[in-house]
Amino acid sequence: MNTSTTPESAAPVQGEGAETKPSNFLRQAIEHDLAQGTYAQRRWGGSPGDGAHHAAGMADPAPVRMRFPPEPNGYLHLGHAKSIWLNFSLAQAYGGACHLRFDDTNPEKEEQEYVDSIRELVRWLGYDTGYADVPGQPGVVQPHLYFASDYFDFMYRAAEYLIEAGHAYVDEQTPEQMRANRGDFGTPGVNSPWRDRSPAENLARFREMRDGQHPDGSMVLRAKIDMASPNINMRDPAIYRIRRATHHNTGDKWCIYPMYTFAHPIEDALEQITHSFCTLEFEDQRPFYDWLLERLCEGGLLQSPPPRQYEFARLNLTHVITSKRRLRQLVEEGHVDGWDDPRMPTLAGLRRRGYTPEALKLFCERSGISKAGGWIDYSALEGALRDVLDPVAPRALAVLDPLKLELTNWDALFGAGHLEPCQAPLNPHDEAAGQRQFTLGRESWIEREDFMAVPSKGFRRLYPPHTGGDGQPKEGNQVRLKYGYVVQCTGFEQDADGRVTKVLAEVIPDTKSGTPGADSVKVKGVIGWVGAHDGAAAEFRLYERLFQAEHPGQAELAEELNPHSLHVAHGYVEAGLRQALQAEGAEPRPWQFERLGYFVRDRHSPADAPELVLNRACGLKDGWKA
């Protein structure tokens, strides 16, 4: 696995029942603040609020508060999974709270559909509510679910305060003029001609913006900082714009909306967040984050000390794109079958493919926390899934490319119509799981690749009597039908085109697995099978990496796609699997089909359908070839 992270020394985790985990700079920051009592004197009003609201509350029962703040403008993906795991697990490790907050300040791109999907998938990952901290109600669990749009009134109040304090002004330059006057890394910016208006004039103008007296894009409210700052983000950034758009939560109440860089630190402060974790692209925004909160604390609007922002390297996985714009392009151009297509890196797609919350959290933990960027090989994601599923996944036999096997001496040995009972562990790692039961009869399905009419060198599965390369006659090979008898190939049948349609073999008596004679005949090959008399028909969707490019996004998407990312096969699964799938409930669980990989029932296909639809999560080993 190629990662940018390196092993770090272990440090004890604070909090009841905590385990020892590898340290990283985020844990070190938390532990430093806990040791110094940085936030020990803070109070909590029981819900988000301004400084006065929290000052009237109780001592904050959460020693630390984190948040996962998605914008509801798309579906969660692997990168979000790491942020969810990081924030919720650290809050839990240190006995704190983690808030799920929707950063819904951009009404044109946000929809209730995305809100609902995010809530469902955070809950699926195992994170739903904080701990009990309802004031005056010990033991009552309060969900930490918040919306940035619920803070619009305070954000507007904060903007007016900045104007009155001389820290903000209304700019009426065109977007093109503002862009030109901003300067670049080698050139300082130029002050706006509107920068020195009085606070009273700016306040009146801002209220006109609020009241809808000016068209969209005609003016913005800007923070008044330093147009010569070497950090371009500090050159009087815009903090409010005019945008007439219906909001999913507030409707048409507002025609002005705060910019993300203004809203986000305020949201953190209102929720009493202690440690605000984000990815490295926000590092240059941290000075404004600190500047804004310092100004609002000075004015008494917020409680001190304010939150601190910390940045870490984002998750980069080979053969995967996590850009919402690119993911939307894949969906809209029909390259995939929706946001939950099992090839997509969305959490909905991974869930449908057969990934489990435990596997995703293990992958996130293994990927590490670092300031340095880097790429993690896709095989690490599949490896985490295998490591999680191998000890717990129930087993079954399946045949993906079926070829009929007829045991020609079956009736003579056992009588016509006889079905021989066979059994196998449901899970070889868990004796308490018990045995699964199925039967072997005269005809079975085997994998087509388990037979060769003329065997290649080293082939150990079924092949008929033939003349070897040395000119000498060779007997048909013997193999064991897994959990059944040893059989010897005697011949085969084929159609007019020369395609093999049936393999003929004879049972070697007294060799059934689990009986005293099972070892009387030594064989080098064991093959899977499904009874032709009771196997359940199934469609197998065999997924591979969506992109053949190792680092997609460098060219047109269509050029980088893997044309073989989906192969559909039709075969059979062992008797009893259909009933087991029907008993699973709403959340399908992955099964290991022996020799073939891990599969899960497709969420969109019922278990009682005429043909089961099963998605391959991953193979038993990494067999990827570009």
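Every value quoted in this text rests on a predicted model; they were computed, and no experiment measured them.

A few words on the domain arrangement of the chain. One can read the domain layout of the chain as domain 1 (153-258), domain 2 (324-394 + 539-619) and domain 3 (398-527). The interface is formed by 20 residues belonging to domain 2 together with 19 residues belonging to domain 3. Here domain 2 packs against domain 3, burying approximately 1,500 Å² in sum over the two surfaces, 51% of which is carbon and sulfur. When the area that domain 2 buries against domain 3 is broken down by residue, the three leading residues are Tyr572, Glu594 and Arg595, summing to 40%. The interface formed by domain 2 and domain 3 holds five salt bridges in total. In this structure, Lys482 engages Glu594 in a salt bridge whose closest nitrogen and oxygen atoms are separated by 2.7 Å. Scanning the region where domain 2 abuts domain 3 turns up nine residue pairs in polar contact (both at pLDDT 80 or more). Those elements giving two or more residues to the side of domain 2 that touches domain 3 turn out to be strand E27 (536-543), strand E28 (566-573) and strand E29 (591-593). Among the residues making up the side of domain 2 that touches domain 3, the classes are represented as 14 nonpolar, two polar and four charged.

Now for the pattern of salt bridges. Summed over the entire model, instances satisfying the criterion amount to 52 salt bridges. A salt bridge links Arg436 to Glu574; the shortest N-O distance between them is 2.8 Å. Taken together, the residues Arg436 in strand E18 (residues 435-440) and Glu574 in the loop between E28 and helix H16 (577-582) connect sequence positions 138 residues apart.

Moving on: the sheet that holds E29. If you trace the seven strands from one edge of the open sheet to the other, you get E14-E29-E30-E31-E27-E28-E15, paired in mixed fashion. For this open sheet the edge positions go to strand E14 (395-396) and strand E15 (398-399), each flanked by a neighbour on one side alone. Examined bridge by bridge, E27 and E28 share eight bridges and lie antiparallel to one another. Residue pairing across strands places Ala536 opposite Val573, the latter belonging to E28. Here helix H13 (residues 378-389) sits on the sheet and contacts E14, strand E30 (597-601) and strand E31 (612-618); the angle it forms with E31, its principal contact strand, is near 115 degrees.

Let us now look at unusual backbone geometry. Geometrically, the link from Ser304 to Pro305 is a cis peptide bond, its omega value of -5 degrees lying close to zero. Take Pro305: it is sitting in the loop between helix H9 (286-298) and strand E13 (308-312). Of note in this structure, Asp236 is not a glycine but carries a positive phi near 50 degrees. Residue position: Asp236 is located in the loop between strand E9 (220-223) and strand E10 (238-242). A positive phi angle, close to 70 degrees, is found at Tyr483, a residue other than glycine.

In the case of a regular strand, side chains alternate between the two sheet surfaces. Counting buried residues along strand E24 (residues 500-507), six of its eight residues qualify, which places the element largely inside the surrounding structure. Taken together, the four bridges between strand E16 (residues 402-407) and E24 define a ladder with parallel strand orientation. By the bridge assignment, Glu406 is partnered in E24 with Leu504. The pairing of strand E23 (residues 486-494) with E24 spans seven bridges and is antiparallel. Bridging across to E24, Glu493 finds its partner in Lys502. With antiparallel pairing between neighbouring strands as the criterion, E23 and E24 make up a hairpin whose turn holds five residues, including Gly498 at a positive phi of roughly 85 degrees.

Conventions and cut-offs
- Residues numbered from 1 in each chain as written.
- Predicted model: local features only at pLDDT ≥ 70, side-chain atom pairs only at ≥ 80, totals over all residues.
- Heavy atoms only, no water.
- Domains from an automatic or database assignment.
- Contact = heavy atoms within 4.5 Å.
- Buried area = accessible area lost by both parts, 1.4 Å probe.
- Salt bridge = Lys/Arg side-chain N within 4 Å of Asp/Glu carboxyl O.
- Polar contact = N/O pair within 3.5 Å; in protein donor to acceptor, adjacent residues only side chain to side chain.
- Helix = DSSP H or I, 4+ residues; strand = E, 2+ residues; numbered from the N terminus.
- Nonpolar A, V, L, I, M, F, W, Y, C, P; charged D, E, K, R; others polar.
- Pairing = 2+ DSSP bridges.
- Axes fitted to C-alpha atoms, helices over the stretch in contact; angles between N-to-C directions.
- Buried < 20%, exposed > 50% of the residue type's maximum accessible area, 1.4 Å probe, protein only.

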